[in-house]
Structure formats: structure tokens, C-alpha cells
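# Descriptive analysis of the structure
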Amino acid sequence: MYAQEVKSTGQGIKSLEEMEPDERAFQEKINADIKIEPKEWMPEGYRKTLVRQISQHAHSEIVGQLPEGNWISRAPTLDRKAILLAKVQDEAGHGLYLYCAAETLGVSRDQMTEQLLSGKAKYSSIFNYPTLSWADIGAIGWLVDGAAIMNQVPLQRCSYGPYSRAMIRVCKEESFHQRQGYDIMMKLCAGTIEQKEMAQDALNRWWQPSLMMFGPPDGDSVHSAQSMAWGIKQNTNDELRQKFVDETVPQAEYIGLTAPDPDLIWNDEKKGYDFGELNWDEFYEVLKGNGPCNKERLGARQKAWTDGEWFRDGLMAHAKKREARKMAAE
Ligand code: BYC
């Protein structure tokens, strides 16, 4: 979307004419779909927005391992265990690509970690909910990875080269994650009455939090207009949420499940579903650190950091020794 178009949202986006020459050249590149690369000039706000979003995204991948990692030892079969193990490892990999992409913007991995551990940086609200049954692992793959794909496919076209390229790899893996989750739900729905009830219960608990992954409603989204003008985001939060509902409701129906929303109804005029208001008070409470598992998740990451100190120290000592040997040989 071009800067001039976004100006009409009234969120203080500058038009090309109002920009300084450097900024105008930068915006024209974005408008022409040319990627911005790490060492090129960029407005400080663009750099900060990317650091904020990419680091939060990286933290989400890392913290996102916790609710599922908890089930690796309890997966019902050897196959399910191997699949879940691979998926959770993939999430660690996604976190690493993303930390590297953020590092190209001049922030170090240690700084980002410090911001996560001190509670200053956010990670996706979804990971502050508990995984109570095996069906929750199905629901996470199907809904949470499904929502992540919906959000991340457009991010493959992000104007910042390293983020867009990281997203291409991440999306390929997320597709497998979504399919494995839906496969778990399908199996449960074709099983006993109790298994189907377990699947419905998981859908009931994960539905609203999954829709909240797309962020606040457009009217309350602070960053969307500027991020869209800069080609970081391609869609608004509500656009992606609508797309997700439209694609997911038929998937639920296909396996005999019902989305837990009495206001959900097909709207033939807009060729999409109307759906009920989400509990935004809950969303903001989770963001403030008051969700059901915020303390547990952050506590687990803090413990991992402390427990890993001896290993980081060892790596540093080894690196310093190697560097000293190299210098002595030169
Ligand atoms: N949770 O102005 P807005 C995965 C914050 S993990 C927490 O609309 P923006 C996976 C937002 O940061 C994939 N915070 O912001 C892993 C901002 O606060 P700050 C996770 C949220 O950035 C393991 C404020 O609210 N995906 O795939 O334009 C297992 C105002 O919002 C949330 C990503 O991270 C939220 N849900 O849009 C399974 C995607 N929503 O920064 C799966 C990358 C909003 O001013 N991120 N906030 O303090 C994005 O696309 C965007 O950052 C968002 C928000 C759509 C999330």
C-alpha cells in the first residue's frame, strides 16, 4: 500500500511530498516493491518497528515451544512423539532465523533476550494458555499454527529482505505443523465419544485466543497504518482474522466440530462469516502479564537462561582461546 493511500486513515502518515529526500527515496523503493537490505539507509522508525516485531516474533517461537514441549513425553504413540518432537524443534529453528534477522538491524541477541526475560518485550498472547489434554496439541497445530500461517504468508512479502526470506522458510514448516494438528483432531473426531468431546473442548478453549493472535481490532491497532505504509505488514489485523475464520469454520464442520460462537453466521453479502465480539479485556490482561500461564512461561525461560550460564561461559572461553591461538599464529 502506498504512503499516500495510508494517509487517508488519519494516523499521521507522511505523504511523499512531505518527506525529506532520503525518506522519499526509501518510500519510493518500498512502493516499487524493492527489498530493503541491512546496510541501506532506513528511517529510524522503520528500524525500530522491525526490531520490535521481529524480536517479538522470535520470542513467540521460543516461548511457543513450552506448551507443546510439555506433551512430548505424553504423546499417545511413538509416531506422534516423533512428529511432535520435530515440530517443537522446528519452532526453535524459527526463533533462531528470526533473532538473526533482527540482529541485522543492530540489536544483539543478548539485548533481545534481556528484554524478554525482564518482561519488557512481548511474545504472542496465545502461549499464556495451558495445554490440558492431548487434544490441545491438535488444536494448537490446527488453530495456532493455522493463524500463524495466515499472518506470516503476507510477511513473506515484507519490505525488509532478511525478515521476508526468513518467513519463506518458516511458512513451509508451519504448513506441516498445521496439517499435523488437524490430523490429530480428525483422528480424535473419528474415535470414541469421549475423544470427540475432548476435541470439542479443546476447540472451545483455543478458539477465542487464536483469533486474538491477529492483534487488537483495527480501530485500536497502534502500529498497523505505519507498518502497512512501510510494507512491513500487508494486511490489517481484522482482515487476517476474517480470513482465518472463513477458512477455519468449514474445517471444523468437516470433522463434526462447532466453533464456540453463538453469533457465528454466514453473511452472503460479504461472502464471509459474521462472528461475535472477542473478549478484549482478557486479551489486554494477558498482554499485561496476567494470563493463566504468563508467570510460568517467563519463569521457564528465566530458569533456562540461568541453567545455561555454564554452557555460554564455556563457549566464550573456547572462542577466546581459539582467537588467541589464531592471533599468535599470524
Ligand atoms: N500477542 O498495533 P498492533 C508461532 C501487541 S508464533 C501479544 O496491532 P502490530 C508458533 C503489539 O505487539 C508466531 N502482543 O501491533 C510458535 C503492540 O504492542 P507493542 C507469532 C500483541 O505489531 C510455536 C500492541 O499489541 N506470530 O507461529 O502492528 C508453536 C498493539 O498491536 C498481540 C507473530 O509474532 C498478540 N497476539 O501487530 C506454534 C507474527 N497482538 O509492540 C506456533 C509477527 C498485538 O507496541 N507479528 N500485540 O508493545 C505481527 O504480525 C504483529 O506484530 C501482530 C501485531 C499482528 C502480532
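Refer to the structure printed above.
Residues numbered from 1 in each chain as written. Predicted model: local features only at pLDDT ≥ 70, side-chain atom pairs only at ≥ 80, totals over all residues. Heavy atoms only, no water.

## Side note on the overall build of the protein chain
- Scanning the protein chain for helices and strands turns up 14 helices and two strands.
- Here the protein chain has a C-alpha radius of gyration of 22 Å; the compact-globule value for 330 residues is 20 Å, and the two agree.
- Structurally, the protein chain occupies a C-alpha span of about 70 × 55 × 35 Å along its principal axes.
- Burial statistics for the protein chain: of 330 residues in total, 47% are counted as buried.
- Summarising the internal contacts of the protein chain: among those between residues at least 6 apart in sequence, 75% fall at separations of at least 24.
- Total accessible area on the protein chain stands at roughly 17,000 Å², and carbon and sulfur atoms take up 55% of it.
- Taken together, the 40 basic and 49 acidic charged side chains of the protein chain have centroids lying 7 Å from each other. (Helix = DSSP H or I, 4+ residues; strand = E, 2+ residues; numbered from the N terminus. Rg over C-alpha atoms; globule rule 2.2 N^0.38 Å. Buried < 20%, exposed > 50% of the residue type's maximum accessible area, 1.4 Å probe, protein only. Contact = heavy atoms within 4.5 Å. Areas by Shrake-Rupley, 256 points an atom, 1.4 Å probe, with all protein chains shown as cover. Lys, Arg positive; Asp, Glu negative; His and termini not counted. Charge placed at Lys NZ, Arg CZ, Asp CG, Glu CD.)

## Some points on helix α11 (residues 237-254)
- With 18 residues, α11 extends 26 Å between its outermost C-alpha atoms, agreeing within 8% with the 26 Å of an ideal straight helix rising 1.5 Å per residue.
- Burial in α11 covers these residues: Asn237, Leu240, Arg241, Gln242, Phe244, Val245, Thr248, Val249 and Ala252.
- Next to the buried residues of α11 lie α7 (134-155), α9 (193-212), α10 (224-229), β2 (272-274) and α12 (280-290). (Expected span 1.5 Å × (residues − 1).)

## Re a positive patch on the surface
- Taken together, Lys321, Arg322, Arg325 and Lys326 make up a surface patch of like positive charges.
- Position of Arg325 among the secondary structure elements: in helix α14 (residues 309-329). (Patch = residues over 30% accessible without salt bridge, like charges linked within 9 Å, V, L, I, M, F, W, Y side chains within 5 Å. Salt bridge = Lys/Arg side-chain N within 4 Å of Asp/Glu carboxyl O.)

## Considerations on the packing of α7 against α11
- Look at α7 against α11: their axes get within 10 Å of each other, and the N-to-C directions meet at 140 degrees. As judged from the angle between their axes, α7 and α11 are oblique. Considering how the two elements wind past one another, α7 and α11 form a crossing that is right-handed. Judged by residue contacts, Trp142, Leu143, Gly146, Ala147, Met150, Asn151 and Pro154 of α7 engage Leu240, Lys243, Phe244, Glu247, Thr248, Gln251 and Ala252 from α11.
- Split by residue class, the contact of α7 with α11 holds eight nonpolar, four polar and two charged. (Axes fitted to C-alpha atoms, helices over the stretch in contact; angles between N-to-C directions. Parallel < 35°, antiparallel > 145°, perpendicular 65-115°, else oblique. Left-handed = near helix turned anticlockwise from the far one by under 90°. Nonpolar A, V, L, I, M, F, W, Y, C, P; charged D, E, K, R; others polar.)

## Quick look at the site of the ligand
- In the vicinity of the ligand lie 35 residues, with Lys122, Ser221, His223, Lys233 and Asn237 positioned nearest.
- Take Gln56: an N or O atom from its side chain is 2.8 Å from an oxygen atom of the ligand.
- Between the ligand and His223 there is a distance of 2.6 Å, counted from an oxygen atom to a side-chain nitrogen or oxygen.
- For the ligand, whose free accessible area comes to 1,000 Å², the fraction covered by protein is 91%.
- For the shell around the ligand, the elements supplying multiple residues, two or more each, are α3 (44-63), α5 (78-103), α7, α8 (161-189) and α12.
- Considering every element that reaches the shell around the ligand, the biggest residue donor is α3, with six residues.
- A class-by-class count of the residues in the shell around the ligand yields 12 nonpolar, 14 polar and nine charged. (Near = heavy atom within 4 Å. Polar contact = N/O pair within 3.5 Å; in protein donor to acceptor, adjacent residues only side chain to side chain.)

## Some remarks on the side chain of Glu61
- Following the sequence through the fold, Glu61 ends up in helix α3.
- For the buried Glu61, no salt bridge is present, and the opposite-charge side chain at shortest range is Lys87, 7.5 Å distant.
- If we ignore the near neighbours within four places in the chain, the residues touching Glu61 are Glu91, His94, Gly95, Leu98, Gln152, Val170 and Glu174.

## Some words on the pattern of salt bridges
- In total, this model carries 17 salt bridges according to the counting rule given.
- Put simply, Lys87 and Glu91 hold a salt bridge, and the shortest N to O gap is 2.8 Å. Here Glu91 and Lys87 lie together in helix α5, a separation of four residues that amounts to about one turn.
- The residue Lys187 makes a salt bridge to Asp183 at a minimum N-O spacing of 3.9 Å. In this pair, Lys187 and Asp183 are both assigned in helix α8, four residues apart and thus about one turn of the helix distant.
- On the basis of relative accessible area, Asp183 is assigned to the partly exposed category, the value being 29%.

## Some details on a nonpolar patch on the surface
- Together, Trp310, Phe311 and Leu315 make up an exposed nonpolar region whose accessible area comes to about 390 Å².
- By the element assignment, Trp310 lies in helix α14.

## Considering the packing of aromatic side chains
- Per the counting criterion, the structure on display carries 12 aromatic pairs.
- On the numbers, 5.5 Å between centres and 50 degrees between planes, the contact of Phe214 with Phe244 is tilted. Taken as a pair, Phe214 in the loop between α9 and α10 and Phe244 in helix α11 lie far apart in primary sequence, 30 residues in all. This pair shows no difference in class: Phe214 is buried, exactly as Phe244 is.
- Note on Trp280 and Phe283: the rings are 5.2 Å apart at their centroids and 85 degrees apart in plane angle, and the pair reads as edge-to-face. Residue Trp280 and its partner Phe283 are located together in helix α12, separated by three residues, close to a single helical turn.
- For Trp280, a relative accessible area of 12% corresponds to the buried category. (Phe/Tyr/Trp six-rings, centres within 6.5 Å; stacked < 30°, edge-to-face > 60°.)

## Let's talk about unusual backbone geometry
- Of note, the phi angle at Asp33 is positive, near 65 degrees, even though the residue is not glycine.
- For Asp33, the location among the structural elements is in the loop between α2 (21-31) and α3.
- Assessed through its relative accessible area of 66%, Asp33 is described here as exposed.
- With a phi angle near 55 degrees, Lys271 is a residue other than glycine that sits in the positive phi range.

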